[in-house]
Amino acid sequence: MTSLKAVRGTRDLLPPETALWNRIEATARAVFARYNFGEIRTPVFEDTALFARGVGEETDIVSKEMYTWSDRERFDKQALRRSWETSYTHAWPRIEHLPHEKSDADMVFRDPDDGRVIFISFVEKASTVTRQSLECIVNADRQKCGTDNIYGLLVYPADAGPENVDVNDTTAIGEWPVRGNFFASRQSLTLRPENTAGVVRSYIENKLGESGQLQKLYYIGPQFRRERPQKGRYRQFSQIGAEVIGPPSSGSESPLRDAEVLEMLATLLDELGITGWTLELNSVGSAADRARYNETLRAALVPVVSQMCVDCQRRAVTNPLRVLDCKVPADQPIIDTLPVIADSLDEASRAHFAQVLAALDAAGVPYLRNQRLVRGLDYYTRTTFEFTHGGLGAQNALLGGGRYDGLSEAIGGPKAPGIGFAMGEDRLVLTLMALETAARHEKAAAFIAPLGEGVNPAALALARELRRAGLRIELGEGGFRLKKSFEAADKCARAIVILGEDELQSGILTVKTFATGMQTKVPRAELAVFLNQRTMV
Ligand code: HAM
């Protein structure tokens, strides 16, 4: 039998790498807390329309990369019941409804002609299971009441067949298929390709703007895009992101918010130990500026677009700004000659951007201006940015973000300007691994090597003692030869502690620290402190 594999573009995260993921998340949570952010968790799938309207139909994410499916039709029990009720009045004009709170049936009534009590279940399908469960309800009541005069009636949607089938007198359960459509229409759903649209949907739905306060929300979780997998690009990947959003009266439009978010990111990357990042920054202006720029671009593209790729030819008509996202090498020289967005910004947008830059200068956050940085999502207005890292290769964006002053209104909400970012967690891990700062932290402080199986219980006691002192400890096996213990310890720990009968008697243990190669005799009572200090090189 062929073995099953993880789906293309997805992967398992295993120890010790997962420890690095946890450390990144813990550092991010700690930094977010200092900047007074709270966590938000939105569903992993949403109505497709959210992304179509929020992120933009013409973006690569929406037009090519989403995992979208049509959800099964939903059974509308109430519609079936209403329809059945209008038809039963012909068959049983004088029935008597009975209270049925104590029964699992959907409805209970008595037929005045023969006194039969009838339990009704309205179900999506007449299957053996639905029939049996109604039979159970009926039988239980027959026993409870000591009478056989209780029957069940299964009412379900019929695609065809007789409309009225009366209660079958020979068995306890009758069936009544009802013609009509009792299914709510199918809903198109999508695995979230990003989280900003979901956060803004939640902001609107939960009326978070009504507090009048700025909402500062962060999230950590999986996102899904059907992209061509390569190093740093996966179909399921994880983002650590944050959004600052609120009514204009909360200060959400202020350039200080942009600068604060960027300063926080610089701090977070530094605390993660990621050195050598570059912040690239641009302003794509207000919605009006962008509309003006789109027209300028449209006109500029007319004479050259026929030499460009098919996607660009389409975008030149539908959404010219997206031409700037084109990655086709042959198109790049043409794109370089196109007008830049900075020339289309109005006075207010220029002033906003200048204030962002001034605040960054004051805080000492270094940046590079990149006039072509328009980002691949349609909701951006004014400030847009990316942090890149040379160690990542082709997929060099560690994170991206920007302002989205019109997004809430685009998905039916109140005016709620906002700014945010999302970091590719997979890429943070790759960068940290490349920087080789991480692996050391993730090794156990010590590997305990019992000499002989008889020492195993004492080794467990020592491991417990050290673990309770807060140390990460790997416990070996007395059946191993010493050479094998050393090999195992070298792979997963910073030191090896040898525990034989002599050590147990004397209370003096032998510790070898791998980084220095030194072997030391340490009294048991001092071992935890020793391991903590000596092996954290
Ligand atoms: P984005 O630029 O599409 O922006 O994604 C942000 C980051 O997610 C990227 O810089 C990259 O590190 C990571 N990323 C994207 N696609 C993949 C992938 N296939 N595999 C691995 N990592 C990936 C957004 O998602 C916006 N929602 C950011 C934002 C928040 N803007 C405002 N608020």
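Residues numbered from 1 in each chain as written. Predicted model: local features only at pLDDT ≥ 70, side-chain atom pairs only at ≥ 80, totals over all residues. Heavy atoms only, no water.

Novice: Any details on the overall build of the protein? Residues and values, ideally.
Specialist: Assigned secondary structure in the protein consists of 18 helices and 23 strands. Taken against the 2.2 N^0.38 rule, which gives 24 Å for 537 residues, the C-alpha radius of gyration of the protein at 33 Å runs more than 25% over that of a compact globule. Projected onto its principal axes, the C-alpha coordinates of the protein cover approximately 95 × 85 × 50 Å. Burial statistics for the protein: of 537 residues in total, 49% are counted as buried. Counting only contacts in the protein whose residues sit at least 6 apart along the sequence, the fraction spanning at least 24 positions is 67%. Summed over its atoms, the accessible surface of the protein is roughly 26200 Å², and 52% of this surface lies on carbon and sulfur atoms. Taking the average place of the 65 positive charges on the side chains of the protein and the average place of its 70 negative ones, the gap between the two points comes to 5 Å. (Helix = DSSP H or I, 4+ residues; strand = E, 2+ residues; numbered from the N terminus. Rg over C-alpha atoms; globule rule 2.2 N^0.38 Å. Buried < 20%, exposed > 50% of the residue type's maximum accessible area, 1.4 Å probe, protein only. Contact = heavy atoms within 4.5 Å. Areas by Shrake-Rupley, 256 points an atom, 1.4 Å probe, with all protein chains shown as cover. Lys, Arg positive; Asp, Glu negative; His and termini not counted. Charge placed at Lys NZ, Arg CZ, Asp CG, Glu CD.)

Novice: Please provide a residue-by-residue account of the sheet that holds strand S8 (residues 150-158), values included.
Specialist: Strand pairing within a sheet occurs via backbone hydrogen bonds; the two strands may be parallel or antiparallel. Read across the sheet, five strands follow the order S5-S6-S7-S8-S9 without closing on themselves; strand pairing throughout is mixed. Each having just a single partner strand, strand S5 (96-98) and strand S9 (173-179) make up the two edges of the open sheet. Taken pair by pair, the neighbouring strands of this sheet meet at an average axis angle of 30 degrees, ignoring direction. Judged from the seven bridges that link them, S8 and S9 form a sheet pairing that is parallel. Note on S9: the bridge partner recorded for Leu153 is Gly174. Across the sheet, helix H5 (residues 128-145) is in contact with strand S7 (117-122), S8 and S9; its angle to S8 comes to roughly 160 degrees. (Pairing = 2+ DSSP bridges. Axes fitted to C-alpha atoms, helices over the stretch in contact; angles between N-to-C directions.)

Novice: Please give an account of unusual backbone geometry that cites residues and values.
Specialist: A cis amide bond links Pro15 to the next residue, Pro16, at an omega of 5 degrees. Tracing the chain through its elements places Pro16 in the segment before helix H1 (17-34). Phi is positive for Asn36, close to 65 degrees, though the residue is something other than glycine. Among the structural elements, Asn36 can be located in the loop between H1 and strand S1 (38-39). According to the relative accessible area criterion, Asn36 is exposed, its value standing at 61%. Residue Arg375 is not a glycine yet carries a positive backbone phi of 70 degrees. With respect to the secondary-structure elements, Arg375 resides in the loop between strand S15 (368-369) and strand S16 (381-389).

Novice: I'd like a rundown of the environment of Phe447, residues and numbers included.
Specialist: By secondary structure assignment, the location of Phe447 is in strand S19 (residues 446-450). The spatial distance from the C-alpha of Phe447 to the C-alpha of Gln395 is 38 Å, given a sequence separation of 52 residues.

Novice: Outline the packing of H1 against helix H7 (residues 255-272), supporting the account with residue identities and numerical values.
Specialist: Where H1 contacts H7, the axes come no closer than 10 Å and their chain directions differ by 145 degrees. In the packing of H1 onto H7, the handedness of the crossing is right-handed. Between H1 and H7, the residues in contact are Ile24, Thr27, Ala28, Val31, Phe32 and Arg34 and Met264, Thr267, Leu268, Glu271 and Leu272, respectively. When the residues that make up the contact of H1 with H7 are grouped by side-chain class, the tally is seven nonpolar, two polar and two charged. (Left-handed = near helix turned anticlockwise from the far one by under 90°. Nonpolar A, V, L, I, M, F, W, Y, C, P; charged D, E, K, R; others polar.)

Novice: An account of the site of the ligand is requested, with residue identities and associated values reported.
Specialist: The immediate surroundings of the ligand are formed by 27 residues, with Glu194, Thr196, Glu227, Tyr234 and Tyr380 found nearest. Take Leu398: an N or O atom from its main chain is 3.1 Å from an oxygen atom of the ligand. A distance of 3.4 Å is found between a nitrogen atom of the ligand and a backbone nitrogen or oxygen belonging to Gly420. Burial of the ligand by the surrounding chains reaches 95%, relative to a free accessible area of 650 Å². Secondary-structure elements contributing two or more residues to the shell around the ligand are strand S13 (236-245), strand S17 (397-403) and strand S18 (418-424). For the shell around the ligand, the leading source of residues is S17, giving six residues. Residue classes in the shell around the ligand are distributed as 12 nonpolar, eight polar and seven charged. (Near = heavy atom within 4 Å. Polar contact = N/O pair within 3.5 Å; in protein donor to acceptor, adjacent residues only side chain to side chain.)

Novice: Outline the pattern of salt bridges, listing residues and values.
Specialist: Evaluation of the coordinates by the stated rule reveals 28 salt bridges. Between Glu205 and Arg201 there is a salt bridge, and its shortest N-O distance comes to 2.9 Å. Here the residue Glu205 and the residue Arg201 both occupy positions in helix H6 (residues 196-205), the gap between them amounting to four residues, near one helical turn. Of the charged contacts in the structure, one is a salt bridge between Arg322 and Asp325, with a shortest N-O distance of 2.4 Å. (Salt bridge = Lys/Arg side-chain N within 4 Å of Asp/Glu carboxyl O.)

Novice: Outline the packing of H1 against helix H13 (residues 425-435), listing residues and values.
Specialist: Close contact between H1 and H13 brings their axes to 10 Å; oriented N to C, the two are set at 110 degrees. In terms of orientation, H1 and H13 fall into the roughly perpendicular class. Seen along the crossing, H1 lies across H13 with a hand that is right-handed. Facing Glu17, Leu20, Trp21, Ile24 and Glu25 of H1, the residues of H13 in contact are Glu425, Asp426, Leu428, Val429, Leu432 and Met433. Taken together, the residues of the contact of H1 with H13 break down into seven nonpolar, no polar and four charged. (Parallel < 35°, antiparallel > 145°, perpendicular 65-115°, else oblique.)

Novice: Lay out the sheet that holds strand S2 (residues 45-47) with the relevant residues and their values.
Specialist: The sheet built from three strands is open, its strands ordered S2-S11-S3 with antiparallel pairing. Edge positions in the sheet fall to S2 and strand S3 (68-70), since each has one partner strand and no second. Strand-to-strand twist of the sheet, defined as the mean angle between neighbouring strand axes without regard to direction, takes the value 30 degrees. Where S3 meets strand S11 (residues 188-191), three bridges bridge the pair, whose relative direction is antiparallel. Within S11, the residue paired with Thr68 across the bridge is Thr190.

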